[in-house]
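# Breakdown of the fold
Residues per chain, in single letters:
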Amino acid sequence: MVLDKVMKVKVKGKEYSLCYPIKAVIGAESELPEKSLFAAVNTPTMTNFFVLLKWGLIGGGMSDLTDSEAEEIWNEILETESVDSLFKRMIVPALMKSGTFGKTEKKAQGQVVAAKK
């Protein structure tokens, strides 16, 4: 059995992976105002959502991601998604698939969440 712990997100034709292994969780918590992933999920602020997106991208394989690059991806997503949608359709499912907030699922081929057009 292969566990699929990565959430694929397609933005403007580019595919990104969001994942929250422990290193990404610790990195996010170090930057979050409350220093807690659980508090961040329950406190809807732009800062919290940006930090969660950034560290999900880092955990998904973009280990050299800069704040500027994360901001570029953030802006691309917000051209078609609301912040609420980004959180509910991308970040929360990625946290769940990663096993941070729920069970991981068996790998399903080709599942990609695309930003709305």
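Check the entry above for the structure.
## A short note on empty space enclosed by the protein
Counted by the stated rule, this structure contains 1 cavity of 30 Å³ or more. Space inside the largest cavity adds up to approximately 30 Å³. Looking at the largest cavity, the residues that line it are Val9, Tyr16, Leu18, Leu53, Leu57, Ile73, Ile77 and Met90. Of all elements in the fold, only strand S3 (14-18), helix H3 (46-59) and helix H4 (67-78) reach the threshold of two or more residues within the lining of the largest cavity.

## A short note on the pattern of salt bridges
Scanning all chains against the criterion turns up 6 salt bridges. Across the pair lysine 12 and glutamate 79 runs a salt bridge, and its minimum N-O distance is 2.8 Å. Separated by 67 residues along the polypeptide, lysine 12 in the loop between strand S2 (7-11) and S3 and glutamate 79 in the loop between H4 and helix H5 (83-97) bring together distant segments of the chain. Of the two residues, lysine 12 and glutamate 79, both sit in the exposed class.

## Considerations on H5
With 15 residues, H5 ought to run about 21 Å at 1.5 Å a step, and its terminal C-alpha atoms sit 20 Å apart, in line with that. Maximal helix bending in H5 amounts to about 25 degrees, located at isoleucine 91; proline proline 93 follows within four positions. Within H5, the full set of buried residues consists of Val83, Ser85, Leu86, Phe87, Met90, Ile91, Ala94, Leu95 and Lys97. Backbone geometry just downstream of H5 places glycine 99 in the positive-phi region, at approximately 90 degrees.

## Things to note about the environment of threonine 80
Among the secondary structure elements, threonine 80 is positioned in the loop between H4 and H5. Linking threonine 80 and lysine 12, residues 68 residues apart in sequence, is a C-alpha distance of 9.3 Å.

## A look at the pairing of S2
Side chains Met7, Val9 and Val11 of S2 all project onto a buried face; the interleaved residues Lys8 and Lys10 project onto a face where none is buried. With 5 bridges connecting them, S2 and S3 associate as antiparallel partners. Bridging across to S3, valine 9 finds its partner in tyrosine 16. Count of turn residues in the S2/S3 antiparallel hairpin: 2 residues, of which lysine 12 carries a positive phi of about 50 degrees.

## Topic: helix H1 (residues 22-31)
For H1, the full list of buried residues reads Ala24, Val25, Gly27 and Ala28. Projected down its long axis, H1 carries its buried residues within an arc of 165 degrees, all on one side. Counted as exposed and oriented over 90 degrees from the buried face of H1: Ile22, Lys23 and Ile26. Among the structural elements, helix H2 (37-42) and H3 are those in contact with the buried residues of H1.

## Observations concerning the packing of aromatic side chains
For the structure on display, the rule yields 2 aromatic pairs. Relative to tryptophan 74, the ring of phenylalanine 50 lies with its centre 5.7 Å away and its plane at 75 degrees, an arrangement referred to as edge-to-face. Within this pair, whereas phenylalanine 50 is found in helix H3, its partner tryptophan 74 is found in helix H4, the two being separated by 24 residues in sequence. In this structure, phenylalanine 50 and tryptophan 74 share a single accessibility class: buried.

Here is what the cut-offs are and how they apply
- Residues numbered from 1 in each chain as written.
- Predicted model: local features only at pLDDT ≥ 70, side-chain atom pairs only at ≥ 80, totals over all residues.
- Heavy atoms only, no water.
- 1 Å grid on protein atoms, 1.4 Å probe; cavity = no way out; pocket = protein on both sides within 12 Å on 5 of 7 lines; lining within 4 Å.
- Points joined across faces, edges and corners; volume = space filled by probe spheres on them.
- Helix = DSSP H or I, 4+ residues; strand = E, 2+ residues; numbered from the N terminus.
- Salt bridge = Lys/Arg side-chain N within 4 Å of Asp/Glu carboxyl O.
- Buried < 20%, exposed > 50% of the residue type's maximum accessible area, 1.4 Å probe, protein only.
- Expected span 1.5 Å × (residues − 1).
- Bend = angle between axes of the 7 residues up to and from the residue.
- Pairing = 2+ DSSP bridges.
- Arc of directions from axis to C-beta.
- Contact = heavy atoms within 4.5 Å.
- Phe/Tyr/Trp six-rings, centres within 6.5 Å; stacked < 30°, edge-to-face > 60°.

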